[in-house]
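Listed here are the chains, written in short residue letters.
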Amino acid sequence: QVQLAESGGGLVQAGGSLRLSCAGSGRSFSGFHVGWFRQAPGKEREFVAVISDNAHKEYGDSMKGRFTISRDDAKNTVFLQMNSLKSEDTAVYYCALRIRIRIDRPIGPSDFASWGQGTQVTVSS
């Protein structure tokens, strides 16, 4: 079973950048799709990005053009590069493994499992 651990969060000013990491342990996740979600206080968990095992990428609408997901299977790590950060990007960011692909509805948390503990990102305006 794969365990995931996020890192790289912190406090950054609006317009700045952060790079989050999602490290896997226990077994390789080279054959998995890995996704990022975020959750702000009082809000539902929101899809951020997902990368497939062959590096196909999908993004949430508000992240397109600002966030980039990538993976390094040799390091068992998935990255989320976040640029042009806004105050509304403030949230806890989680990574998880995709266990289900549905084409009849948007990507959501129920399609993922093996969630990490999350890393806090705070963007000051």
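To be clear, the structure that these remarks concern was listed above.
Calculation rules
- Residues numbered from 1 in each chain as written.
- Predicted model: local features only at pLDDT ≥ 70, side-chain atom pairs only at ≥ 80, totals over all residues.
- Heavy atoms only, no water.
- Helix = DSSP H or I, 4+ residues; strand = E, 2+ residues; numbered from the N terminus.
- Rg over C-alpha atoms; globule rule 2.2 N^0.38 Å.
- Buried < 20%, exposed > 50% of the residue type's maximum accessible area, 1.4 Å probe, protein only.
- Contact = heavy atoms within 4.5 Å.
- Areas by Shrake-Rupley, 256 points an atom, 1.4 Å probe, with all protein chains shown as cover.
- Lys, Arg positive; Asp, Glu negative; His and termini not counted.
- Charge placed at Lys NZ, Arg CZ, Asp CG, Glu CD.

A. Quick look at the overall build of the protein chain. The number of helices and strands found in the protein chain is zero helices and eleven strands. Each helix and strand of the protein chain, ordered N terminal to C terminal, gives the series β-β-β-β-β-β-β-β-β-β-β. Scaling as 2.2 N^0.38, a compact globule of 125 residues should have a C-alpha radius of gyration of about 14 Å, and the protein chain matches this with 14 Å. Taking the principal axes of its C-alpha atoms as reference, the protein chain extends roughly 40 × 35 × 25 Å. Across the 125 residues that make up the protein chain, the buried fraction comes to 43%. For the protein chain, contacts bridging at least 24 residues in sequence account for 56% of all contacts bridging at least 6. Working note: accessible area of the protein chain is about 6400 Å², and carbon and sulfur atoms make up 48% of it. Averaging the locations of the 15 positively and 12 negatively charged side chains of the protein chain gives two centres separated by 1 Å.

B. The side chain of S21, seen in detail. Assignment of secondary structure puts S21 in strand β3 (residues 18–25). Apart from the residues lying within four places of it in its own chain, the contact partners of S21 are A5, E6, S7, W36, T77, V78 and F79.

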